[in-house]
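A structural walkthrough
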Amino acid sequence: MAASGGYNYRDATTQRSSFKVDRPLSVNSNPKSAVKSKPLLPPRRNSTGSIGGGAAAAGAASKDNTGVPGRVRVAVRLRPRNSDEMISDADFADIVELQPELKRLKLRRNNWDLDTYEFDEVLTEFASQKRVYEVVAKPVVESVLEGYNGTVMAYGQTGTGKTYTLGRLGEEDTAARGIMVRAMEDILADVSLESDSLSVSYLQLYMETIHDLLDPANDSISIVEDPKNGDVSLPGASLVEIRDHKSFVELLRLGEAHRFATNTKLNTESSRSHAILMVHVKKSVKGRDSALSSQNVNSHTVKSLKPPVVRKSKLIVVDLAGSERIDKSGSEGHTLEEAKSINLSLSALGKCINALAENSAHIPVRDSKLTRLLRDSFGGTARTSLVVTIGPSPRHRGETASTIMFGQRAMKVENMLKLKEEFDYKSLSRRLDIQLDKLIAEHERQQKAFEDEIERIATEAQNQISEVEKNYADALEKERLKYQKDYMESIKKLEEQLVMNQPKHDFEKVTNGPKDDKSNVTSSKEICRLHVEEINDLRKLLQRETSLRKAAEEETSNLKSQLTQWKRSEAAGNSEILKLRKMLEDEAHQKEKLEGEIATLHSQLLQLSFDADETSRQLDRSGLGKVGGLDSLMTQVRHLQLKESGNEDKASIAKIFEQVGLQKILSLLEAEDNDVRIHAVKVVANLAAEEANQEKIVEAGGLTSLLMLLKTSDDETIHRVAAGAIANLAMNETNQELIMNQGGISLLSMTAANGEDPQTLRMVAGAIANLCGNDKLQSKLRAEGGIKALLGMVRCGHPDVLAQVARGIANFAKCESRASTQGTKNGRSLLIEDGALSWIVQNANNEASPIRRHIELALCHLAQHETNAKDMISGGALWELVRISRDCSREDIRTLAYRTLTSSPTFQGELRRLRIDN
């Protein structure tokens, strides 16, 4: 950002006169005038998810975890005379006299009288930068590292050494390093960059506008306050993570270069803005297990659900612009406007300090952005150290006296220090995700290896079977060919022998002539013998071939048996694959379940921590403990809520009945303290969710108490939970009549008209929707504004609210249709008379399935009464009925719409006129 006029950007390395080391002083001193003050904010709760008992690690938490006292510590530092003062004030003595050993400062009123003041530390002009850091800032830095917020601030007249004390970089002389640099050195030495985080923002407040010194283009940063605990944040500011000391020094140099400064008569380099350094520390706590881990989960889950504990703290170092008198500084033009803005912001800060010191009922914290930024530093929860810088010149006695009085008033302010610890659920979720991913990857790898092995074994088995079948076929073919060849050769031999024997026999017959009978018989016997031998040979060959065939069949049977075994192995492998796939699906389901459990545990922890801390403090402050048994009763209920939350809701309800008693719980609904009533109505709502408890609640007067809460309470949470409990009770027909008789519909209508929260409207709409389903209550419900209330809640536009409204209209239309069919009702529908038809038609094709389904049913029920037909035609409902009869995804609704259209003469006539086929 360019400077205008006579401005220049500050160079943090400008040489200034050095200070010498003074003798060491005591750090722990308390002034006699210390007075406890009222904080800028009401007593502040721990941040969301904080742990009440974490202060024991720091050794400073009170027994009730509401914080520990911490008075603002103030040190005064005297600047040595500069060259101008040595010349102009050479004949005058210093205006102040220091007594560092007594921690006193004497201010000369005149040549004879002195005013004496006491401070926590008195630093002479010879005190070193190291000494200043150790007595002013080091206790604050140590508290920040223990988990508390801390503030170090410099206040004083322009030119008295505030920037030298806080922001000196000490590049040429390391002994001249200021508080900012030394504080970061101690913080970096204590944190672990692997498990902890450290980030910095550097800002300036110039002319009531917050500028980012690390990003000059960002010159209009807004202040955001948390409505729950009042914490102040600057979401638009740059937040730079620090990894080492060198990078931090570079950021300081960059910020100082962009800070506004100008030359005045009192200071050649006068700051024209308030510089604010914010150091955010997030530190893991070693050796601390979650107290929640031992509750509500089984032993297997406990192992993996131990979220780490982290401490979040913030160190703010504020270099205020110097206060100045216009006649002395010579400011004019734009410089004069700057001086006015500086003095106004410092004046606003002084007013807040005065109000705190005097325990005023009103703290003007919103008069300036400076006081808004420092609201936690004075009267808040931070440990604060203030160093006021003064000069020795008698010419500036008024400014010096004003600075001293500012420090005296600041010493009367007492803060309530609070340790901020919380569970790091994000880290736990990341760790579980990593473990789950590893398990899934390992499972997939094993599954793939198993599938590959099964495929390999199946392939080998198939190849072996194919090879065996081929070998068997080849062997069988060879044997067949061999036996066929042997057979053919045997036949051929027999034929050759027969051919050879026939000529020989003929020749013997011709040569020898006729023989006697005896010779013929001998020849015949010989031939028979030869034939018998041939037959025996053939039989042997046949037996051999038969045995070979049997062996081949046995081998074939063995191969078939092996093939069957391989197929069984393959089936078993496929079964194992299916089992592994099911295991993978179970692992994915378990992951989703774990994520849901983490979210549930987180929300329960946040709610219980918030309720316990807030209710305990409210009970202590309002004195409710004096009422007999109330404090003990709330402790029992809260203990049961903490102990039985999670998967044991039914056991929790039984123990609440057994140990606390329904009458005592209902008596808390009438307590004066709002937080007590919130706890009680939540317990009653949980009990009303069980059908077995509803009759007991009504008999004990719980319904009357819930309706009275809707009437008398202005709290949105009470309205939401009470309406939900009434909705549960309204599911019973007997309870519905009791609700109507006790004016419940009027109270629900009033709650709907005044409510803005979608969840509250959803509960109210659900209760009215349940009442709409009672045939006996139709006229009374309409007369008391039930239908108007339903239609009025559509302004919210939330899908859940619209679904409950649509359900109530469908229930009402169904009861009217039933009454018309039974002949107990005549005339138009009350819904149409109250103007509900237009909204029904507009939402008949709503994208949300629950809304669309209820609206379609309502249209069908309205159309069943012929008296409503003309109004529905003129209102455009006929077209929606035709669409429902054709396109509705539910067959029963589609059939009902078709039957209604075809049975109505009015609708049929209009369809014929429009030439629409149904």
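Refer to the structure printed above.
Every chain begins its residue count from 1, and numbering advances along the sequence as written. Note on the predicted model: pLDDT of at least 70 is required for a residue's local features to be given, and 80 or more for side-chain atom pairs to be given and counted; whole-chain, interface and lining totals, by contrast, use all residues. The basis for every side-chain value is the complete set of non-hydrogen atoms in the structure, without hydrogens or water.

**Thoughts on the overall build of the chain**
Under the DSSP-based scheme used, a helix requires at least four consecutive residues in state H or I and a strand at least two consecutive residues in state E, with every element numbered from the N terminus. Counting its regular elements, the chain contains 33 helices and 20 strands. The buried share of the chain, taken over its 918 residues, is 47%. All accessible-area figures derive from a Shrake-Rupley calculation using a 1.4 Å probe, and residue coverage is judged against the displayed protein chains alone. Looking at the chain as shown, the accessible area adds up to about 46600 Å², and 51% of this sits on carbon and sulfur atoms. Residue exposure (1.4 Å probe, protein chains only): buried if accessible area is under 20% of the type maximum, exposed if over 50%, otherwise partly exposed.

**Let's talk about the nonpolar core**
Formed by 91 residues in total, the largest nonpolar core has its most connected members in Ile768, Met793 and Leu859. A contact between two residues is defined here by any heavy atoms of the two lying within 4.5 Å. Beyond its immediate stretch of four places on either side in the chain, Leu859 contacts Ile840, Ala844, Met872, Ala877, Glu880, Leu881 and Ile884. In plain words, nonpolar cores are sets of buried Ala, Val, Leu, Ile, Met, Phe, Trp, Tyr and Cys residues tied together by side-chain atoms within 4.5 Å. In terms of nonpolar packing, the next biggest core, distinct from the first, is built from 49 residues, Met153, Leu346, Ala355 and Leu373 among them.

**Digging into the sheet that holds strand β4 (residues 96-99)**
We treat two strands as partners when DSSP finds at least two bridges between them. If you walk across this open sheet you meet the three strands as β4-β5-β6, and the pairing is antiparallel. In this open sheet, the two edge strands, each paired with only one partner strand, are β4 and β6 (114-118). Direction aside, neighbouring strands of the sheet carry axes that sit 20° apart on average. Where strand β5 (residues 104-108) meets β6, five bridges bridge the pair, whose relative direction is antiparallel. Note that in β6 the partner of Arg104 across the bridge is Glu118. In this analysis an axis means a line fitted to C-alpha atoms, helices contributing only their contacting stretch, and an angle means the value between N-to-C directions, from 0 to 180 degrees. Those strands touched by helix α11 (residues 397-410) are β4, β5 and β6, and its axis lies near 150° from that of β5.

**Examining the state of the cysteines**
Any pair of cysteine sulfurs within 2.5 Å is marked as a disulfide. Under the defined criterion, the tally for this structure stands at zero disulfides. For the unlinked cysteine Cys888, the closest cysteine sulfur is that of Cys860, found at 7.6 Å. Taking the relative accessible area as the measure of exposure, Cys888 reaches 6% and is therefore buried.

**Things to note about the packing of helix α19 (residues 702-712) against helix α22 (residues 744-754)**
Closest axis-to-axis distance for the α19/α22 pair is 9 Å, and the angle between their directions is 40°. On the basis of the axis angle, α19 is oblique to α22. Crossing of α19 against α22: the hand is left-handed. Residues Leu707, Leu710 and Lys711 of α19 form the contact with α22, whose participating residues are Gly744, Leu747, Leu748, Met750 and Thr751. Orientation categories follow fixed angle ranges, with anything under 35 degrees roughly parallel, anything over 145 roughly antiparallel, 65 to 115 roughly perpendicular, and all other angles oblique. Crossing handedness is defined as follows: a turn of the near helix away from the far one that is anticlockwise and smaller than a right angle gives a left-handed crossing, while the clockwise case is right-handed.

**Looking at the pattern of salt bridges**
Any Lys or Arg side-chain nitrogen located within 4 Å of an Asp or Glu carboxyl oxygen qualifies as a salt bridge. Here the structure, examined in full by the defined rule, presents 35 salt bridges. For Lys776, the salt bridge goes to Glu737, with nearest N and O atoms at 3.8 Å. In this pair, Lys776 is assigned in the loop between α23 (758-772) and α24 (778-783) and Glu737 in helix α21 (residues 733-741), connecting sequence segments 39 residues apart. In this structure, a network of salt bridges that share partners links the residues Glu225, Arg366, Arg372 and Arg375.

**Structural notes on the pairing of β4**
Across four bridges, β4 lies against β5 in antiparallel orientation. Within β5, the position partnered with Val96 by the bridge is Leu107. Counted between consecutive antiparallel strands, the loop separating β4 from β5 contains four residues, among which Lys103 sits at a positive phi close to 60°.

**Section: the pairing of strand β17 (residues 309-319)**
The buried count for β17 comes to ten of eleven residues, which makes it a mostly enclosed element. As paired elements, strand β8 (residues 150-156) and β17 share five bridges and run parallel to each other. Looking across to β17, one finds that Thr151 is bridged to Ile316. For strand β16 (residues 274-284) and β17, the ladder comprises ten bridges, and the chain directions are antiparallel. Residue pairing for β17: Ala275 is matched across the bridge by Asp319.

**Some words on unusual backbone geometry**
In this structure, Lys103 is a non-glycine residue whose phi angle is positive, near 60°. As for its position among the elements, Lys103 is in the loop between β4 and β5. Positive phi outside glycine occurs at Met207, with the angle close to 55°. Note that Met207 resides in the loop between β9 (197-206) and β10 (209-212).

**A closer look at a nonpolar patch on the surface**
A grouping of Tyr487, Met488, Leu538 and Leu541 is seen on the molecular surface, where their side chains present a nonpolar patch of about 360 Å² in accessible area. Tracing the backbone shows Leu541 in helix α13 (residues 517-622). Judged by its relative accessible area of 31%, Leu541 is partly exposed. Patch building starts from residues that exceed 30% relative accessible area and form no salt bridge, then joins like charges within 9 Å and nonpolar side chains (Val, Leu, Ile, Met, Phe, Trp, Tyr) within 5 Å.

**Quick notes on the packing of aromatic side chains**
Stacked, tilted and edge-to-face are the three classes assigned to paired rings of Phe, Tyr and Trp, where Trp is represented by its six-membered ring and a pair needs centres within 6.5 Å; plane angles under 30 degrees give stacked, over 60 edge-to-face, the rest tilted. Going through the model one piece at a time under the given rule, you end up with two aromatic pairs. With a centroid separation of 3.8 Å and an interplanar angle of 10°, the aromatic rings of Tyr155 and Phe406 are classed as stacked. With Tyr155 in strand β8 and Phe406 in helix α11, the pair connects residues that are 251 residues apart, well separated along the chain. Tyr155 gets classed as buried once you look at its relative accessible area, which sits at 8%. Exposure remark for Phe406: the relative accessible area of 2% places this residue in the buried category. Between the aromatic rings of Tyr206 and Phe260, the centroid separation amounts to 4.2 Å while the plane-to-plane angle is 25°, which identifies the pairing as stacked. Of this pair, Tyr206 sits in strand β9 while Phe260 sits in strand β14 (residues 260-262); the two residues are 54 residues apart in sequence, bridging distant segments of the chain. Phe260 matches Tyr206 in its accessibility class, with the two residues each being buried.

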